[in-house]
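# Coordinates in review
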Amino acid sequence: ESAEPAIANTAAAVASPAPTTPSTSSESNKKIPRLRFVLPPDTTPALRTILRVNNKGSPIEENNPMAQSLNSLPIGSIIEACPEGLLLAQDIADRIEKCHGGAALIVDYGGDGSSGGDSLRGFWKHTQVHPLSRPGEVDVTADVDFGALREAVNSRIGL
């Protein structure tokens, strides 16, 4: 195995219709809608941009504050990234800077993201269920990576 972390195919999963096999010929015209997670064939453009990794999923070292924490993760680690959250944090930092100072308090549940892991989960009627089990009915949630938010703001303001 390579010494480089292989996060390319473990970092992004997308929902895809699962193939269904009808049990009888009368059911052949009826397809049961099911969803499943699948791995992309390559590192996604969003992953390359957000985590600044190359096509193999290895962190690009130059001016990448996340490279050290990504390199410390074991091979096969799950990495969650939220582009909209990072952009929102940077927009808040921009507003504070334009106002010549201020503060922002972001409250949610989550950690610093340094350990990786899969925090995606679904809730239906106050019970934890598979996130894709009941499309449109399940509340889907994930932990906030406050470490990534901190790095996004620091890179924006030059820290």
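Please read these numbers as outputs of a predicted model, since none were measured by experiment. (Residues numbered from 1 in each chain as written. Predicted model: local features only at pLDDT ≥ 70, side-chain atom pairs only at ≥ 80, totals over all residues. Heavy atoms only, no water.)

## Some words on the pattern of salt bridges
In plain terms, the rule: Salt bridge criterion: a side-chain nitrogen from Lys or Arg within 4 Å of a carboxyl oxygen from Asp or Glu. Secondary structure counts use DSSP, requiring at least four H or I residues in a row for a helix and at least two E residues in a row for a strand, with both numbered from the N terminus. A simple rule labels every residue: compare its accessible area, found with a 1.4 Å probe on the protein chains alone, to the largest value its type can have, and call it buried under 20%, exposed over 50%, or partly exposed in between.
Counted according to the given criterion, the structure contains three salt bridges. R156 serves as the salt-bridge partner of D94, at 2.4 Å between the closest nitrogen and oxygen. Here R156 lies in helix α4 (residues 146-157) and D94 lies in helix α3 (residues 83-98), a separation of 62 residues in the sequence. Residue R156 is classed as partly exposed on the basis of its relative accessible area of 35%. In this structure, the salt-bridge partner of D143 is R121, at a minimum N-O distance of 2.8 Å. Note that D143 is positioned in the loop between β6 (139-141) and β7 (144-145) and R121 in strand β4 (residues 121-124), a separation of 22 residues in sequence.

## Concerning the environment of E62
Inspection of the secondary structure puts E62 in the loop between α1 (45-50) and α2 (67-71). Remark: the alpha-carbon pair of E62 and R52, spanning ten residues in sequence, is separated by 9.4 Å.

## Considering the confidence of the model for the protein chain
Our working rule: Confidence of the predictor at the level of single residues is given by pLDDT, which spans 0 to 100. Should any heavy atoms of two residues lie within 4.5 Å, those residues are considered in contact.
Overall, the prediction assigns the protein chain a mean pLDDT of 77, with 76% of residues at 70 or greater. The weakest mean pLDDT in the protein chain belongs to strand β1 (residues 14-17) at 54; the strongest belongs to strand β5 (residues 127-129) at 95. This stretch, residues 1-13, has a pLDDT under 50; its non-local contacts, to residues over four places away or in other chains, come to 42 contacts.

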